[in-house]
Amino acid sequence: MKMVGHDAAWEAWRRARSAERLHHAWLLTGKEGLGKASFARAAAAELLDANGGGAHPDILELTYAAKDDKEERKRADGKPFEKARSIRIAQIRAMQRRLTTRPTLGDKRVVIIDPADDLERNAANALLKSLEEPPEGTYFLLVAHRPARLLPTIRSRCRTVRFGSLGDGAMNELIDRLAPEANAEARSAAIRAAAGSPGAALGFLRLDLGKANSLMQSILEQGDRGFALRGALAEVIGARPDRERLQAILDLARATLAERITEDVPDPTALIEAHGELVQLTAEQPTYNYDAGLLAMQIGTLLARAGAASADRHG
């Protein structure tokens, strides 16, 4: 499936492939959801002339493993399982053992690490040794949402390809193709919250944030003196939302304020302050596990306060 926004990346990759010698390590950077991992798989298949689809024995992909032995048994049985929060040194060691053998079907092999910025420290140090002395015919494609978290010595050994955020037109084109059933309200919410990330937009559509989007816009524009809109927002969020839904709601609230800040507002101070508080709330939510109803009230209060302050200052 063709993903939009990859033209520059493909041009850089294919230009390098046509050169006398292809660099052995590539760092694919950009915000999460831009399709960097999909690009890595397609580029690996192109390099190995493996465009028939399905798994390829000479494409090794490292990502989050099961959290522990119990979750690994679930994974082996085809059941939903909890993933680890990092890529561990044992996975890098297993990959390195594979690299001591010859490729299965040809003279090349590709290692994809997604996301490389979640490598454990020891795993990153172990990977560095392979990057410093790569086996003949081995190429590394490292996917990174936050490349600053990688060791500088790893970054310095990679050629970087940056994936930029998509504009609203390209996002609409993508939704037309992949989620044509999305209504205008849900589409608007997804594009706003995703901030140029196609993968995030599709995730937001799955979470159906259209109603939450409308409520947030109303609170920001009209206020909420009787707390009715905040109560409705709490109902939309739900009494027991999972972490993904809470994160999406917070992302949407931040995007709603950020969009207003970029408009022609003479004094956006109140909007900027509310946005900063939402950023802090987003960072605290996974640790403090706020009650969903209280979180909805806090989000609504920040939006209402920012909207009222902005209106008061500008008549």
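Everything numeric here is computed off the predicted structure, so don't read it as measured data.

Caption draft 1: Broad picture of helix α11 (residues 228-237). Within the sequence span of α11, burial applies to Arg230, Leu233, Ala234 and Ile237. Looking straight down α11, one finds that the buried residues subtend no more than 100° of arc, so they occupy a single side. Away from its buried face, by an angle of more than 90 degrees, α11 presents the exposed residues Ala228 and Glu235. At the C-terminal side of α11, Gly238 shows a positive phi close to 95°.

Caption draft 2: Structural context of the nonpolar core. With 43 residues, the main nonpolar core has Phe204, Leu209, Met216, Leu233, Leu257, Leu278 and Ile299 as its most contacted residues. At the level of elements, α7 (168-178), α8 (184-194), α9 (198-207), α10 (210-222), α11, α12 (243-262), α13 (269-288) and α14 (292-314) are the ones that each hand at least two residues to this core. With eight residues, α14 is the largest single contributor of residues to this core. The contact partners of Leu209, leaving out residues within four places of it in the chain, are Ala189, Phe204, Arg245, Ala248, Ile249 and Leu252.

Caption draft 3: Here's a closer look at the pairing of strand β2 (residues 59-62). Residue alternation in β2 divides its side chains into a buried set, Leu60 and Leu62, and an unburied set, Ile59 and Glu61. Examined bridge by bridge, β2 and strand β3 (residues 109-113) share four bridges and lie parallel to one another. Within β3, the residue paired with Leu60 across the bridge is Val111.

Caption draft 4: Up close: the pattern of salt bridges. Per the stated rule, a full pass over the model turns up 18 salt bridges. Arg15 serves as the salt-bridge partner of Glu11, at 3.4 Å between the closest nitrogen and oxygen. With a gap of four residues between them, Glu11 and Arg15 both fall in helix α1 (residues 7-17), about one helical turn apart. A relative accessible area of 46% places Arg15 in the partly exposed class. Here the salt bridges share partners, and the residues they tie into one network are Asp117, Asp118, Arg146 and Arg149.

Caption draft 5: Region of interest: the packing of aromatic side chains. Under the criterion given, the structure shown has three aromatic pairs. Here Trp13 and Trp26 contribute two aromatic rings whose centre-to-centre distance is 5.1 Å and whose plane-to-plane angle is 70°, an arrangement assigned as edge-to-face. Of this pair, Trp13 sits in helix α1 while Trp26 sits in strand β1 (residues 25-29), placing them 13 residues apart in sequence. Seen from their ring centres, Phe39 and Phe163 are 5.4 Å apart, and the 70° between their planes marks the pair as edge-to-face. Placement of the pair is Phe39 in helix α2 (residues 36-47) and Phe163 in the loop between β5 (159-162) and α7, with a sequence separation of 124 residues. Just as Phe39 is buried, Phe163 falls in that class too. Taken together, the ring pairs connect Trp10, Phe39 and Phe163 into an aromatic cluster. We note Arg230 situated over the ring of Phe227; from NZ or CZ to the ring centre the distance is 4.0 Å.

Caption draft 6: Layout of the packing of α10 against α11. Interaxial distance between α10 and α11 falls to 10 Å at its minimum, and their mutual angle equals 160°. Accordingly, the angle class assigned to the pair α10 and α11 is roughly antiparallel. Where α10 crosses over α11, the handedness of that crossing is left-handed. Where α10 approaches α11, its residues Lys211, Ala212, Leu215, Met216, Ser218 and Ile219 are matched on the opposing element by Leu229, Arg230, Ala232, Leu233 and Val236. Looking at the contact of α10 with α11 residue by residue, the class counts come to eight nonpolar, one polar and two charged.

Caption draft 7: Fine view of helix α3 (residues 69-76). With a side-chain oxygen positioned 3.2 Å from the backbone nitrogen of Lys70, the residue opening α3 is Asp68. Gly78, located one to two residues past α3, shows a positive phi value of around 80°.

Caption draft 8: Structural context of the sheet that holds β2. Pairing within the open sheet is parallel, and its five strands lie in the order β2-β3-β4-β1-β5. Lying at the two open borders of the sheet, with one neighbouring strand each, are β2 and β5. Across this sheet, the average inter-strand angle for adjacent strands is 20°, counted without regard to direction. Packed on one face of the sheet, α2 meets β1, β2, β3 and β4 (138-144) and runs near 170° to β4.

Caption draft 9: How the structure looks around the pairing of β1. Most of β1 sits out of view: five of its five residues are buried. Side chains Ala25, Leu27 and Thr29 of β1 all project onto a buried face; the interleaved residues Trp26 and Leu28 project onto the opposite face, where all are buried too. Of the strand pairs in this sheet, β1 and β4 are connected by five bridges, and their pairing is parallel. Paired with Thr29 across the bridge in β4 is Ala144. Two strands pair when backbone bridges link them, and β1 and β5 are joined in this way by four bridges, in the parallel orientation. By the bridge assignment for β5, Trp26 is matched with Arg159.

Conventions and cut-offs
Residues numbered from 1 in each chain as written. Predicted model: local features only at pLDDT ≥ 70, side-chain atom pairs only at ≥ 80, totals over all residues. Heavy atoms only, no water. Buried < 20%, exposed > 50% of the residue type's maximum accessible area, 1.4 Å probe, protein only. Helix = DSSP H or I, 4+ residues; strand = E, 2+ residues; numbered from the N terminus. Arc of directions from axis to C-beta. Core = buried A, V, L, I, M, F, W, Y, C linked by side-chain atoms within 4.5 Å. Contact = heavy atoms within 4.5 Å. Pairing = 2+ DSSP bridges. Salt bridge = Lys/Arg side-chain N within 4 Å of Asp/Glu carboxyl O. Phe/Tyr/Trp six-rings, centres within 6.5 Å; stacked < 30°, edge-to-face > 60°. Lys NZ or Arg CZ within 6 Å of the ring centre and 35° of its normal. Axes fitted to C-alpha atoms, helices over the stretch in contact; angles between N-to-C directions. Parallel < 35°, antiparallel > 145°, perpendicular 65-115°, else oblique. Left-handed = near helix turned anticlockwise from the far one by under 90°. Nonpolar A, V, L, I, M, F, W, Y, C, P; charged D, E, K, R; others polar. Polar contact = N/O pair within 3.5 Å; in protein donor to acceptor, adjacent residues only side chain to side chain.

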